[in-house]
Each structure stands twice: as C-alpha cells, then as structure tokens.
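# Structural description and commentary
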Amino acid sequence: MDRLAAMEAFIRVVDAGSFSAAAKQMRVGQPAISKTIAQLEERLGVRLLLRSTRGLTPTEAGRAFYERAKRSLEEVEEAEHAARGAATALSGRLRVGAPVTFTRLMVIPRLGAFLAAHPALDIDIVLDDRPIDLIEEGIDVALRMGQLPDSGLAARKIGECRRLVIGTPGYFAAQGLPRAPVDLLSHQVVIHELRGSGRSAWTFRRGEEQAPIVVGGRLRISAAEGVRESVLAGLGLAIASEWMFAGELASGAVVSALDDWQLPPVGLWAVFPTGRQAGAKARAFADFVERLLAGGGCVQSSPDSFAALPSRPTE
C-alpha cells in the first residue's frame with residue numbers, strides 16, 4: 001500500500017464527507033477509495049471513520065491521524081517545491097478560522113492581493129466568533145483576539161490594536177462628552193458581553209495616573225457586529241478596538257473621547273493546531289494579516305512572537 005496515497009485518500013474523504021465525493025475529486029472509483037481506507041485501518045489497527053446513514057465522522061484516532069497526515073503531505077509538497085526552485089509557490093487548500101467582524105472589515109476587502117499572489121491556492125474561511133476546535137474543524141490557522149485561554153495549542157502574536165471610547169457626534173452632543181473615566185458612569189455603554197457578566201471593568205492610564213472603573217449598560221451584545229451597529233445608531237458609546245470603527249473615525253461618523261487616557265491594547269494572534277510546525281500556507285496567511293494591521297489602528301509584532309499555550313483549559 002502506498003502510504004502517501006492512502007493519506008491523501010483519507011484526507012479527501014474527511015474533507016469531502018463521503019467516499020463518493022472523494023472518489024470524484026480523485027477521479028477514481030468509489031470502491032477503490034473504500035478499499036484504500038479499509039487497508040489503512042487494517043494496517044494501523046484502529047478505526048478511523050464512523051460510518052452512518054448521515055455520513056462519515058472521524059473517530060478520535062481518525063482526527064489525530066488526519067491532522068498529522070495533512071501536515072506530512074504539506075511538508076512533502078514544500079520539499080517538492082523547494083527541489084523545483086519554487087519554494088514560494090503555494091497550492092492546495094487552506095482553511096482559516098476567523099472572527100466575523102474583523103474578517104469582514106479588515107481581511108476580506110484586501111484578500112484579493114493574497115489570492116492574486118497565490119493563484120494555485122484555494123481558501124476556506126470559517127467565520128465564527130467562538131473559539132472553535134481547530135482539529136475537529138480541520139482549521140490550518142485561526143485568528144483570535146484578546147487574552148487566549150490555555151488550550152494546548154501554540155499561538156503567534158501578530159499585532160496589537162488600540163482600544164478607544166467611541167460614540168457618534170449626535171450621541172455626545174445629547175449626552176455630553178466625558179472628560180474623565182469616571183464620567184462614563186453617567187453614560188449608556190454598549191457592552192460587548194462575551195461571558196455573560198453584564199459589566200465591564202477597565203483601567204485607564206495617563207502617565208503615572210490610573211483610573212479603574214466598572215461600567216454597566218442597558219444594552220449587552222454578544223457579537224462585535226451588534227456593538228458596531230448600536231454605536232452607529234446612537235444607542236450609546238462603546239469601549240472598542242480602533243479597527244472596528246476605522247472607516248467611521250476617518251469620515252467623522254464617530255469620534256473618540258478621553259484620548260489623553262490609554263487603555264490596555266487588544267492582542268491579535270495567529271493560532272496553529274500543531275504548534276510551530278505550521279505549514280507554509282498557514283504561515284503565509286498569518287504574515288499577510290500581520291501586514292494589514294498597520295492601517296487599522298494596530299501595530300505589528302515580531303514574526304517570532306510565539307506563545308506556547310498549556311494543555312489545561314481555564315475558565
């Protein structure tokens with residue numbers, strides 16, 4: 001049995017969700033694919049796929065084998081490209097996990113340049129604000145923001161973005177412009193509610209001076225899209241990353257307040273399911289996003305800013 005061919009067949013089956021779809025992609029008969037997977041399971045001595053009327057689902061062993069087999073094939077491709085003198089050429093499929101609003105505003109409008117630079121590369125972008133399981137979803141690289149939970153993965157910090165107090169000119173004209181952090185207590189704050197707290201604690205800094213404050217609001221929203229639309233509708237102000245309103249800040253549709261105070265920046269990370277041994281496609285996409293950040297109130301980080309994430313999850 002050709003090991004690489006069997007790996008490729010298994011990866012195609014998992015990605016396509018069926019033997020017939022994988023066989024069509026590989027231009028072979030379905031019985032040949034079924035036989036290859038059966039031989040692979042027999043050789044490994046484990047069940048890789050669970051078969052049911054609803055389709056195919058990788059077992060735990062199957063998911064682990066899928067991830068490592070996929071990485072092995074990518075390394076073979078990279079070795080072939082290097083031997084041909086084409087190490088920068090990327091091909092195949094790249095699956096990216098990314099938050100909805102950041103991707104809509106910052107990545108997709110500029111994605112054409114990346115696609116043009118790599119015409120043999122296909123990209124699947126899975127938009128989800130939740131920290132999805134990278135291995136289960138077959139994600140090669142994910143973009144995540146803020147403080148990362150422990151997860152057993154590895155992450156590369158690719159940038160930091162400023163946080164601002166943001167509202168529309170109409171809102172501030174009606175409610176008054178805050179002059180100090182304590183003034184936020186009398187304002188309607190649209191809270192980006194991620195963990196159901198309903199309140200948000202911040203520490204503003206100005207030189208050596210610190211001003212801790214806990215703000216509350218009548219409106220709590222679980223997605224950044226809703227926070228944006230609420231602010232633009234004049235329902236309140238928000239403490240948000242500058243990139244969320246970069247266009248509106250430039251046009252004057254929103255303005256920032258308390259600009260002489262600083263808030264902790266929010267980090268942007270590229271997260272890889274297999275640590276530092278990320279494939280060339282995943283690394284290239286992370287590099288591409290890193291270069292985009294300077295235009296949205298963000299600063300780039302060193303390409304070597306890796307953080308190993310422990311395997312024990314935290315609350």
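Fair warning: this is a prediction, and the values are worked out from it, not measured in the lab.

### Examining the side chain of Ser230
In this fold, Ser230 is placed in helix α8 (residues 224-232). Judged by its relative accessible area of 7%, Ser230 is buried. Beyond its immediate stretch of four places on either side in the chain, Ser230 contacts Val190, Leu219, Ile221, Leu235 and Gly236.

### Comments concerning the packing of helix α1 (residues 3-16) against helix α2 (residues 19-26)
Interhelical geometry of α1 versus α2 gives an angle of 125° and a closest axis separation of 8 Å. In terms of their interaxial angle, α1 and α2 are classed as oblique. As α1 runs across α2, the sense of the crossing is right-handed. Seen from α1, the contacting residues are Glu8, Ala9, Arg12, Val13 and Ala16; seen from α2, they are Phe19, Ala21, Ala22, Gln25 and Met26. Of the residues assigned to the contact of α1 with α2, the class counts are 7 nonpolar, 1 polar and 2 charged.

### Some points on α8
Within the span of α8, buried status applies to Ala224, Val227, Arg228, Ser230 and Val231. Taken end-on, α8 shows its buried residues confined to a sector of 165°, consistent with a single buried face. Of the surrounding secondary structure, the elements contacted by the buried residues of α8 are α5 (100-107), β7 (163-167), β8 (191-192), β11 (220-221), β12 (238-241) and α9 (246-251). Just downstream of α8 lies Gly234, where phi reads positive at about 80°.

### As for the packing of α5 against α8
Running from amino to carboxyl end, α5 crosses α8 at an angle of 70°, the nearest separation of the two axes being 7 Å. For the element pair α5 / α8, the angle class is roughly perpendicular. On the side of α5, the interface is formed by Val100, Thr101, Arg104 and Leu105, while α8 contributes Ala224, Glu225 and Arg228. Across the contact of α5 with α8, the residue classes tally to 3 nonpolar, 1 polar and 3 charged.

### With respect to the environment of Arg144
Mapped onto the secondary structure, Arg144 falls in strand β5 (residues 141-145). Along the primary structure Arg144 and Lys157 are separated by 13 residues, whereas in three dimensions their C-alpha atoms are 9.5 Å apart.

### Some thoughts on the packing of aromatic side chains
Enumeration over the complete set of coordinates arrives at 6 aromatic pairs. With 5.5 Å between their ring centres and 85° between their planes, Phe114 and Phe285 make a pair best called edge-to-face. With Phe114 in helix α6 (residues 111-117) and Phe285 in helix α10 (residues 280-292), the pair connects residues that are 171 residues apart, well separated along the chain. Seen in terms of ring centroids, Tyr171 and Phe172 are 5.6 Å apart; in terms of plane orientation they differ by 65°. Their pairing is edge-to-face. Phe172 matches Tyr171 in its accessibility class, with the two residues each being buried. Ring pairing ties together the aromatic residues Phe114, Phe285 and Phe288, which thus form one cluster.

### Points about the side chain of Glu248
Mapped onto the elements, Glu248 comes out in helix α9. For Glu248, a relative accessible area of 17% puts it in the buried group. Apart from residues lying up to four places away in sequence, Glu248 is in contact with Arg228, Leu232, Ala253 and Val254.

### Observations concerning the nonpolar core
Counting residues in hydrophobic clusters, the biggest one holds 41 residues, and the most contacted among them are Phe102, Val107 and Phe285. A total of 8 residues in this core trace back to one element, the largest contributor, which is α10. Non-local contacts of Phe285, meaning those with residues more than four positions away in its chain, are made with Leu94, Val96, Val107, Leu111, Phe114, Val141 and Leu143.

### What about unusual backbone geometry?
For Arg27, which is not a glycine, the phi torsion comes out positive at approximately 60°. In this fold, Arg27 is placed in the loop between α2 and α3 (30-44). Unlike most non-glycine residues, Leu258 shows phi in positive territory, near 55°.

### Section: the pattern of salt bridges
Across all of its chains, the model carries 14 salt bridges by this definition. Across the pair Arg162 and Glu242 runs a salt bridge whose closest N-O atoms are separated by 2.5 Å. Of the two residues, Arg162 is situated in the loop between β6 (154-161) and β7 and Glu242 in the loop between β12 and α9; the sequence distance between them amounts to 80 residues. Given a relative accessible area of 47%, Arg162 falls into the partly exposed group. Judged by relative accessible area, Glu242 falls into the buried class, the value being 14%. The shortest N-O distance in the salt bridge between Arg206 and Glu209 comes to 3.1 Å. For Arg206, a relative accessible area of 34% translates into the label partly exposed. Salt bridges linked by common partners bring Arg93, Arg95, Asp122 and Asp124 together as one network.

The rules behind these values
Residues numbered from 1 in each chain as written. Predicted model: local features only at pLDDT ≥ 70, side-chain atom pairs only at ≥ 80, totals over all residues. Heavy atoms only, no water. Helix = DSSP H or I, 4+ residues; strand = E, 2+ residues; numbered from the N terminus. Buried < 20%, exposed > 50% of the residue type's maximum accessible area, 1.4 Å probe, protein only. Contact = heavy atoms within 4.5 Å. Axes fitted to C-alpha atoms, helices over the stretch in contact; angles between N-to-C directions. Parallel < 35°, antiparallel > 145°, perpendicular 65-115°, else oblique. Left-handed = near helix turned anticlockwise from the far one by under 90°. Nonpolar A, V, L, I, M, F, W, Y, C, P; charged D, E, K, R; others polar. Arc of directions from axis to C-beta. Phe/Tyr/Trp six-rings, centres within 6.5 Å; stacked < 30°, edge-to-face > 60°. Core = buried A, V, L, I, M, F, W, Y, C linked by side-chain atoms within 4.5 Å. Salt bridge = Lys/Arg side-chain N within 4 Å of Asp/Glu carboxyl O.

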